[in-house]
Amino acid sequence: MWFFSDEHRMLQSTVRQFAREELAPRVETLDHEEGFNREAFYKMGELGLLGVIVPEEYGGAGLDAVAATITMEEMGAVDASTTLSYLAHTILCVNQISNNATPEQKRKYLPKLISGEWIGGMGMSEPEAGSDALGMKTKAVRKGDHYILNGTKTWITNGPNGDVFYCYAKTGDTKRDISTFIIERGMKGFSTGKKFSKMGMRASPTGELVFDQCEVPAANRVGDEGASVKMMMRNLDIERITIAGISLGIARSCVEVATQYSKERKQFGRPIGSFQQIQERLTEAAAWYEACRTLTYTAAKMWDIGTMTPKETSMMAAKAKLQSAQMATQVALDAIQILGGYGYTREFPVERYMRDAKLMEIGAGTNEILRLIIARQMLGEAADADAT
Amino acid sequence: MDFQENTMQSELRDLTRKFAQKEILPLVEQDEHDERFRPEIIRKLGELGLTGIPVPEEYGGAGLGYQEYIATIEELAAVSVSYAISVAVTGLPQVILNLFGNEAQKKKYIPKLAQGEAIGAFGLSEASSGSDAGSMRTTARREGDSYILNGTKLWITQGDIAETLIVMARTGGPGPKGVSAFIVEKGMPGFSCGKREKKMGCSISHTMELIFQNVRVPAANLIGSEGDGFKVAMTALDSGRVTIGASALGVARGALEVAIRHAREREQFGKPIAEFQGVSFMLADMAVALDAARLLVQRAAWLKDNGLPFSTQAAMAKLFATDMAMKVTTDAVQVLGGSGYTQDFPAERYMREAKVLQIVEGTNQIQRLILGRSLTS
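Residues numbered from 1 in each chain as written. Chains lettered and ligands numbered in written order. Predicted model: local features only at pLDDT ≥ 70, side-chain atom pairs only at ≥ 80, totals over all residues. Heavy atoms only, no water.

1. A look at the nonpolar core
What counts, and what does not: What makes a nonpolar core is a set of buried Ala, Val, Leu, Ile, Met, Phe, Trp, Tyr and Cys residues whose side-chain atoms join them at distances within 4.5 Å. Throughout, exposure labels follow a simple rule: accessible area from a 1.4 Å probe, protein chains only, divided by the maximum for the residue type, with under 20% read as buried, over 50% as exposed, and the rest as partly exposed. By definition, residues are in contact when any of their heavy atoms lie within 4.5 Å.
In terms of nonpolar packing, the biggest core is built from 203 residues, with A:Ile246 and B:Leu149 touching the most fellow members. Contacts of A:Ile246, omitting those with residues within four sequence positions, involve A:Met72, A:Gly76, A:Ala80, A:Thr83, A:Leu84, A:Leu87, A:Met201 and A:Met360. Within the second largest apolar cluster, 22 residues are counted, among which are B:Leu92, B:Tyr109, B:Ile183 and B:Ile223.

If you want it as structure tokens, here you go:
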């Protein structure tokens, strides 16, 4: 992007090299076997990527949302699964602790999360509360200097393999009585339930978090009781901006592979790139990718400059995420189509890109929820009006 | 053309649906994971008379038409595209031999295929000859009363388990006119399978590389005359496109049913998600596209059954139905959200299966090429 600083460009080339050397060699096997590239997280820790937007005083790199989005695009271009786990760790857990926790909590959790010794995750969705996040049922009841948590979180990225979870639970009866707790693996009454087998993002473990009379020290509550909704929603914005970076990475690789193939593959005595059907798909993909890239990095830049209202930033984040996700899925489908029979086999990466891309339309707010959010902003009360 | 299915068509549809629900559905997820094909399913389908629907009774078939055939294929695909394709591909040698084979060939090969006692395959594609079928390199050299086949075929559905294969090889000069069609039997010396493709979906259905090293095929196994191969292949592809269109109907319908059920049962914000227009309009569009595609596929089948030209209509049906299936299955995953992305629900499998239908039996780019040419020539 034209507004990248020298620091951004350096970061871009560092992460690109990291992805090529540390992620690329293992991605196919990990995808097939539903593994997890644990080693990559130690390396990311060494490179300072795990605390990319955490202030330097807490051991972070002190960079901005544009930088975080760059890391997502560069890693996402090679291994979207590991990138998704990285996002859950860095944006959903580390960044939330950095933004909202007390100095004591930060000192306790951030160093090991930022070094890669611990893997982090976030617990919001529940079986009956997906798009309707505020409909969550997990309850936390104060008992002396502890809270007792009961409930189940589901579709939690890094659930099966994480050490620390930034979790939301109800501490009152209204929809907005939501509080936050830092949960550690090994806490009494806390377990991780089943691991999901997924269509894509298979090297990013997804599972359940189960709270059964789980005792959490009151010292692990983040922020005031019942005051988490705003923090939760605010973090969705940076989640959506950065996850759009993963869509960009996937799409970029699709365009690269399909372009290369179209130059090399010959049918009817000429490269298939000489057929206008192929040219149409390639050029539309490239143009849509660039449009989404501009939209996404602009949203990140708006977040960083902070001169827009939170609502405006929120809308840009939602629009960037919505468009980039649809773009990545379509571009990946088209890449398979250009590669034909080869594209359907696991000898080429495009079928994996497509399986991974579909999650972009579901995670961090489905397309439908993002449209609802944007519609509410555009239409106000009319968006939710019933027939009278 | 009648908009209502006749008794035979609906009976076949019911029979196949019941069989697929009982015999295939319980196994399909695990078998897809294990890449396990069960030949006994084809045998049982054969016992029900479902593996030779469009060939004459005198050769062991059901003596029915493509309108009946597509009802069966659709029902199989609604549960498993892999088995729908297996039946369709077992049908290809039967249809080819019935049209182009001599009496001895028909008598020798069709009955076993039609009754599910043998599995069929069709070998056309090669590594550098996919869409451009006329450029194939596999050769067949005449030697006495035999032909000697040499070369490698790629992406051959069930090439490893098929007993009877129709294989295209070059007997003459370059281009389509130099191609001939042969009946190859499993176990012929020099004929072996190479690698099995690791695929995105349809893993029950094995996709094979076939290797021919000095394979001696009796001259009696030449179909038609030397040089007829390309015509045979293109006719087979025309028919194949109708069955691939029917497979697309099945997988899309399966996905739509899952999506409708989920939209009615899943509640968010205190009401079933079906009450949100973002969801219900998606379902509406899926249903419209599915029915439009079904009409195109049925038209192609009707034309074929009535002995009318159907090549263009088959290309239209294949193109539209498979693009529809891709969209409908992708949207079904979307309606199911996080659940749709997991393997606890079949939506993601349908989506992975749908993609192959846009590629096989002529990629959809080739269909557009055919249609573009036929419109302007």
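What follows continues from the structure just given.
2. Regarding the side chain of A:Arg293
Residues and elements named next belong to chain A. So the rule is basically this: Each helix is a run of DSSP H or I of at least 4 residues and each strand a run of E of at least 2, with the numbering of both proceeding from the N terminus. In protein, a polar contact means a hydrogen-donor-capable atom and an acceptor-capable atom, both N or O and within 3.5 Å, with residues adjacent in sequence counting only if both atoms are side-chain atoms; elsewhere, any N or O pair within 3.5 Å suffices.
Along the polypeptide, Arg293 turns up in helix α7 (residues 276–305). Assessed through its relative accessible area of 11%, Arg293 is described here as buried. Among the polar contacts listed, one links the side chain of Arg293 to the side chain of Glu73, at a separation of 3.2 Å. Once you skip the residues sitting within four places of it in the chain, Arg293 turns out to touch Met1, Phe4, Gln12, Glu73 and Leu248.

3. Topic: the pattern of salt bridges
Residues and elements named next belong to chain B. Selection rule: A side-chain nitrogen of Lys or Arg and a carboxyl oxygen of Asp or Glu constitute a salt bridge if their distance falls within 4 Å.
Under the definition given, this model contains 52 salt bridges over all chains. Among the salt bridges present, the one from Asp323 reaches Arg368, with a minimum N-O distance of 3.0 Å. Taken as a pair, Asp323 in helix α8 (residues 311–341) and Arg368 in helix α10 (residues 364–376) lie far apart in primary sequence, 45 residues in all. Because the salt bridges share partners, they merge into one network encompassing Glu5, Arg13, Arg17, Glu74, Glu75, Arg253, Glu257, Asp291 and Arg294.

4. Observations concerning the confidence of the model for chain B
The cut-off we apply is this: On a range of 0 to 100, pLDDT expresses the predictor's confidence in each residue.
Mean pLDDT over chain B works out to 96, with 100% of the residues at or above the 70 mark. Here the complex is predicted with pTM 0.89, and the ipTM for its interfaces comes to 0.82.

5. Here's the deal with the packing of aromatic side chains
In plain terms, the rule: Two rings belonging to Phe, Tyr or Trp (six-membered ring only in the last case) form a pair when the distance between their centres is within 6.5 Å. Interplanar angles under 30 degrees mark stacking, angles over 60 mark edge-to-face geometry, and anything in between is tilted.
Counted by the stated rule, this structure contains 19 aromatic pairs over all chains. Here B:Phe191 and B:Phe212 contribute two aromatic rings whose centre-to-centre distance is 5.1 Å and whose plane-to-plane angle is 10 degrees, an arrangement assigned as stacked. Within this pair, whereas B:Phe191 is found in strand β6 (residues 191–196), its partner B:Phe212 is found in strand β7 (residues 207–218), the two being separated by 21 residues in sequence. Residue B:Phe191 is classed as buried on the basis of its relative accessible area, which comes to 12%. On the accessibility criterion, B:Phe212 (2% relative accessible area) is buried. In textbook terms, an aromatic cluster arises when at least three aromatic residues are bridged by ring pairs, as seen for A:Trp2, A:Phe3, A:Phe4 and A:Tyr297.

6. Remarks on the interface of chain A and chain B
This is how it is decided: As used here, buried area is the combined drop in accessible area, with a 1.4 Å probe, of two parts when they are placed together. All amino acids are sorted into three groups, where Ala, Val, Leu, Ile, Met, Phe, Trp, Tyr, Cys and Pro are nonpolar, Asp, Glu, Lys and Arg are charged, and the leftover types, Gly among them, are polar.
Taken together, the 44 residues of chain A in the interface contact 47 residues of chain B. Summed over both partners, the interface of chain A with chain B comes to about 4000 Å²; 56% of that surface belongs to carbon and sulfur atoms. Its largest share of buried area at the contact with chain B, chain A owes to A:Met199, A:Gln337 and A:Tyr344, together 20% of the area lost on that side. Taken together, chain A and chain B are joined by 2 salt bridges. Only β9 (266–267), α7, α8 (310–344), α9 (350–360) and α10 (367–379) of chain A provide two or more residues apiece to the side of chain A that touches chain B. Considering each element in turn, the side of chain A that touches chain B owes the most residues, 7 residues, to α8(A). Broken down by class, the residue content of the side of chain A that touches chain B amounts to 15 nonpolar, 13 polar and 16 charged.

7. Remarks on helix α2 (residues 39–47) of chain B
Residue and element names in this part refer to chain B. Under the convention used in this document: The reported arc concerns the directions from the helix axis to the C-beta atoms and nothing else.
For α2, the set of buried residues is Ile41, Ile42, Leu45 and Gly46. All buried residues of α2 lie within an arc of 145 degrees about the axis, which places them on one face of the element. Gly49 sits one or two residues past α2 and shows a positive phi near 80 degrees.

8. Overview of the side chain of B:Ser205
All names here are of chain B. Topologically, Ser205 is positioned in the loop between β6 and β7. Relative accessible area serves as the criterion here: at 5%, Ser205 is assigned to the buried category. Setting aside anything within four residues of it in sequence, one finds Ser205 in contact with Ser82, Thr157 and Lys199.

9. Concerning the domain arrangement of chain B
Residues and elements named next belong to chain B. To keep it simple, the criterion reads: The start and end points of each domain follow an automatic or database-based domain assignment.
Looking at chain B, the domain boundaries give domain 1 (7–119), domain 2 (121–227) and domain 3 (231–376). Its C-alpha centre places domain 2 at a distance of 30 Å from the equivalent point of domain 3. Every contact between the two is made by 10 residues of domain 2 and, on the other side, 11 residues of domain 3. Summing both sides of the interface, domain 2 and domain 3 together bury roughly 810 Å²; the carbon and sulfur share of this comes to 81%. Interface area lost by domain 2 to domain 3 is led by Ser131, Met200 and Cys202, which between them contribute 50%. The interface formed by domain 2 and domain 3 holds 0 salt bridges in total. Counted by class, the side of domain 2 that touches domain 3 contains 8 nonpolar, 2 polar and no charged residues.

10. Quick notes on the domain arrangement of chain A
Residue and element names in this part refer to chain A. When its domains are assigned, chain A resolves into domain 1 (6–119), domain 2 (122–222) and domain 3 (229–384). Relative placement of domain 2 and domain 3: their C-alpha centres are 29 Å apart. Facing 13 residues of domain 2, the contacting portion of domain 3 comprises 14 residues. Roughly 1200 Å² is buried in total at the junction of domain 2 and domain 3, and carbon and sulfur atoms are behind 75% of that figure. Contact with domain 3 buries area across many residues of domain 2, yet Ser131, Met199 and Met201 alone supply 45% of it, more than any other trio. Inspection of the region where domain 2 meets domain 3 yields 0 salt bridges.

11. Let's talk about the packing of helix α3 (residues 65–76) of chain A against helix α6 (residues 229–264) of chain A
All names here are of chain A. Stated precisely, the cut-off is as follows: Axis angles are defined between N-to-C directions and span 0 to 180 degrees, where every axis is a line fitted to C-alpha atoms and, for a helix, only to the segment in contact. By convention, the crossing between two helices is left-handed when the near helix turns anticlockwise from the far helix through less than a right angle, and right-handed when the turn is clockwise.
Look at α3 against α6: their axes get within 7 Å of each other, and the N-to-C directions meet at 35 degrees. For the crossing formed where α3 meets α6, the hand is right-handed. Contacts between α3 and α6 pair Ala65, Ala68, Thr69, Met72, Glu73, Glu74 and Gly76 from the former with Ile238, Ile241, Thr242, Gly245, Ile246, Leu248, Gly249, Ile250 and Arg252 from the latter. When the residues that make up the contact of α3 with α6 are grouped by side-chain class, the tally is 8 nonpolar, 5 polar and 3 charged.

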